[in-house]
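Overview (structure and organization)
Residues per chain are reported as follows:
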Amino acid sequence: MKKSLGRRLFLGCNFVFLAVLSLMCLMPIIHILSISFSSGSAASAGKVLLWPVEFTPAAYQNVFGKPEYLRAFWVTIQRVVLGTAISMFLTILTAYPLSKEKHQFGMRTFYAWVFVFTILFNGGLIPWYMTIKAVGLIDSIWALVLPGAVQVFNIILLLNFYRNLPKELEESSRIDGAGHFTTLWKIYAPLSLPALATTGLFTIVWHWNSWFDGMILMNHPDHYPLQTFLQSIIIKMDLRFLKSQDIELMQKLSDRTSKAAQIFVAAFPILIIYPILQRFFIKGIVMGSVKE
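Basis of the calculations
- Residues numbered from 1 in each chain as written.
- Predicted model: local features only at pLDDT ≥ 70, side-chain atom pairs only at ≥ 80, totals over all residues.
- Heavy atoms only, no water.
- Salt bridge = Lys/Arg side-chain N within 4 Å of Asp/Glu carboxyl O.
- Helix = DSSP H or I, 4+ residues; strand = E, 2+ residues; numbered from the N terminus.
- Buried < 20%, exposed > 50% of the residue type's maximum accessible area, 1.4 Å probe, protein only.
- Axes fitted to C-alpha atoms, helices over the stretch in contact; angles between N-to-C directions.
- Left-handed = near helix turned anticlockwise from the far one by under 90°.
- Contact = heavy atoms within 4.5 Å.
- Nonpolar A, V, L, I, M, F, W, Y, C, P; charged D, E, K, R; others polar.
- Parallel < 35°, antiparallel > 145°, perpendicular 65-115°, else oblique.
- Core = buried A, V, L, I, M, F, W, Y, C linked by side-chain atoms within 4.5 Å.
- Patch = residues over 30% accessible without salt bridge, like charges linked within 9 Å, V, L, I, M, F, W, Y side chains within 5 Å.
- Areas by Shrake-Rupley, 256 points an atom, 1.4 Å probe, with all protein chains shown as cover.
- Polar contact = N/O pair within 3.5 Å; in protein donor to acceptor, adjacent residues only side chain to side chain.
- pLDDT = per-residue confidence, 0-100.

**Looking at the pattern of salt bridges**
Any two side chains of opposite charge can pair, given that their charged atoms come close. Taken as a whole and assessed by the stated rule, the structure comprises four salt bridges. For the salt bridge of Lys-100 with Glu-170, the shortest nitrogen-to-oxygen distance reads 2.7 Å. Separated by 70 residues along the polypeptide, Lys-100 in the loop between helix H4 (67-98) and helix H5 (108-120) and Glu-170 in helix H9 (residues 167-175) bring together distant segments of the chain. Each member of the pair, Lys-100 as well as Glu-170, is classed as buried.

Below is the structure:
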């Protein structure tokens, strides 16, 4: 069927608009990448736009050229893997009962408000630190993982997704003799992949970008996660971490190139992970699962 002139114009304008929008999203990333590969003098002079000027990998040599950086990177990898796995497990277990009707779980409203209360109010930084210290988590990887394991916002997203699933799915599984755990892990969890991918991505990004808790809870720099270590080196320029052979390298850098390298190093893993999880962002996954 031949498209009308108006339809072709609409598709053409739509294509141009989306192409321009995509370029607008990519240009800041390309600009940051170009600055990170440019010399310090060119970046400070504002000569860099979308292509490196006086190309040099000095900024990345500063980031990855020392074992301290690799150690911090490994701490962050551990944090992301452990933190995401534990957080998703607790999110699934918490969202499932909270998604039930009141006649199925009488205390649902009470517990829901308890979780919502924690979003609005907290005890403050000092009680938070004293609690973590009292249970012996200071200066360990668990101090970065366990205090933020229960993400209330993710629980709300997932329980709302569970509430929209057809009730007949649970009823049919109960008739077949399945208990709550079987229903949760064999029916609800597979059908909630879009919601799990979304909440999982939120959790990964949160753990990857966090630096303040590492600064407060870690007593030794060897235990710093990546963002905390980069903040100590590049933002504060802590001279304790600099060696004599680093002076020549630092002369090639500027504040802009260092920050650009930091931003791109922090963003790159998320840029890799997002396309992998994007395929789970689908709609209508439960369509046709209940037959009339």
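From this point, the narrative continues.
**Focus: the packing of H9 against helix H10 (residues 180-191)**
At their nearest, the axes of H9 and H10 sit 10 Å apart, and the two run at 140° to each other. For the pair H9 and H10, the crossing hand works out as right-handed. Contacts between H9 and H10 involve Leu-169, Glu-170, Ser-173 and Arg-174 from the first element and His-180, Thr-183, Ile-187, Tyr-188 and Leu-191 from the second. The residue inventory of the contact of H9 with H10, partitioned by class, reads four nonpolar, three polar and two charged.

**Some words on the packing of H4 against H5**
Two measures define how a pair of helices packs: the angle their axes make with one another and the distance between the axes. At a minimum axis distance of 9 Å, the contact between H4 and H5 shows a crossing angle of 135°. In terms of orientation, H4 and H5 fall into the oblique class. Taken together, the residues of H5 that come into contact with H4 (itself represented by Thr-94, Pro-97 and Leu-98) are Arg-108, Tyr-111, Ala-112 and Phe-115. For the contact of H4 with H5, the class distribution of residues is five nonpolar, one polar and one charged.

**Section: unusual backbone geometry**
A positive phi angle, near 55°, is found at Glu-54, a position not held by glycine. Assignment of secondary structure puts Glu-54 in the loop between helix H2 (40-44) and helix H3 (58-64). Positive phi values are uncommon outside glycine, yet Asp-139 reaches one of about 65°. Take Asp-139: its relative accessible area is 22%, and that puts it in the partly exposed class.

**Structural notes on the nonpolar core**
Within the largest apolar cluster, 25 residues are counted, with the highest numbers of intra-cluster contacts made by Val-63, Ile-132, Ala-143, Trp-208, Leu-217 and Met-218. Mapped by element, the contributors of at least two residues to this core are H3, H4, helix H7 (142-145), helix H11 (193-209), helix H13 (226-235) and helix H15 (255-278). A total of five residues in this core trace back to one element, the largest contributor, which is H15. Once you skip the residues sitting within four places of it in the chain, Trp-208 turns out to touch Phe-73, Thr-76, Ile-77, Val-80, Leu-226, Gln-227, Val-265, Ala-266, Pro-269 and Ile-270. In terms of nonpolar packing, the next biggest core, distinct from the first, is built from 16 residues, Ile-92, Ile-155, Leu-158 and Tyr-188 among them.

**A few points about a nonpolar patch on the surface**
Taken together, the side chains of Leu-23, Leu-26, Met-27, Ile-29, Ile-30, Leu-49, Leu-50, Phe-268, Leu-271, Ile-272 and Ile-276 present a nonpolar region at the surface, about 1000 Å² in accessible area. Within the residue set of the nonpolar patch, elements represented by two or more residues are helix H1 (5-36) and H15. Here the nonpolar patch gets five residues from one element, more than from any other, and that element is H1. With respect to the helices, strands and loops of the structure, Ile-272 is situated in helix H15. Take Ile-272: its relative accessible area is 45%, and that puts it in the partly exposed class.

**Some words on the side chain of Gln-227**
By secondary structure assignment, the location of Gln-227 is in helix H13. Looking at Gln-227, its side chain comes within polar contact range of the main-chain oxygen of Trp-208, at 3.2 Å. Residue contacts for Gln-227: discarding those within four places in its chain leaves Thr-76, Trp-208, Asn-209, Ser-210, Trp-211 and Ala-266.

**So, the confidence of the model for the protein**
Confidence along the protein averages 80 in pLDDT terms, with 85% of residues attaining 70 or more. Ranking the elements of the protein by mean pLDDT puts helix H14 (residues 246-251) last, at 53, and H7 first, at 93. Here residues 283-292 is a poorly scored stretch, pLDDT under 50, and it has 12 contacts once near neighbours within four places are set aside; other chains count.

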